[in-house]
Amino acid sequence: TAVSLHPGVIRTPLWRETAAAGGLGGFLLGRFMADKSIPQGAATTVWAAVAPNLPRGEYLDDCAVASKRSDQAKDDALADALWEAT
């Protein structure tokens, strides 16, 4: 089963090594955008790896199937074509 997810913006020391780390931008990024701890960021990925019977092609968010999907995301024919192409 293929699913997708974004773990979120995770608070790690890696931010210190990016160009965005300095100045006001770095402060704002670290303070307001990095909204998850490392365990919180890993949780959905781990859940996806062990959850039984996840529906194919779903987008996962915070250890659940996301409730809002675009029309393209609901198109089984498009999903099949993408699967074959990749």
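Above this text is the structure in question.
Residues numbered from 1 in each chain as written. Predicted model: local features only at pLDDT ≥ 70, side-chain atom pairs only at ≥ 80, totals over all residues. Heavy atoms only, no water.

(A) A look at the overall build of the protein. Counting secondary structure elements, the protein contains three helices and two strands. When burial is assessed residue by residue, the protein has 14% of its 86 residues classed as buried. The long-range share in the protein, meaning contacts at least 24 apart out of those at least 6 apart in sequence, stands at 58%. Accessible area of the protein: about 6500 Å², with a carbon and sulfur share of 59%. (Helix = DSSP H or I, 4+ residues; strand = E, 2+ residues; numbered from the N terminus. Buried < 20%, exposed > 50% of the residue type's maximum accessible area, 1.4 Å probe, protein only. Contact = heavy atoms within 4.5 Å. Areas by Shrake-Rupley, 256 points an atom, 1.4 Å probe, with all protein chains shown as cover.)

(B) Local environment of the pattern of salt bridges. Enumeration according to the criterion identifies two salt bridges in this entry. For R56, the salt bridge is made with D80, and the minimal N-O distance between the two is 2.9 Å. Remark: D80 occurs in helix α3 (residues 76–85) and R56 occurs in the loop between α2 (38–50) and β2 (59–60); sequence separation between them is 24 residues. (Salt bridge = Lys/Arg side-chain N within 4 Å of Asp/Glu carboxyl O.)

(C) Up close: α3. Of all 10 residues that make up α3, zero are buried, and the element is exposed over most of its length. Put simply, D75 is the residue that caps the front of α3, since its side-chain oxygen is 3.0 Å from the backbone nitrogen of A77. (Polar contact = N/O pair within 3.5 Å; in protein donor to acceptor, adjacent residues only side chain to side chain.)

(D) Expanded view of α2. For α2, built from 13 residues, the straight-helix expectation of 18 Å at 1.5 Å per residue is met to within 8% by its first-to-last C-alpha distance of 19 Å. Along α2, the helix axis deviates most sharply at T44, where the bend reaches about 30°. Listed as buried for α2 are G41, T44 and A48. Each element contacted by the buried residues of α2 is listed here: β1 (4–5) and β2. (Expected span 1.5 Å × (residues − 1). Bend = angle between axes of the 7 residues up to and from the residue.)

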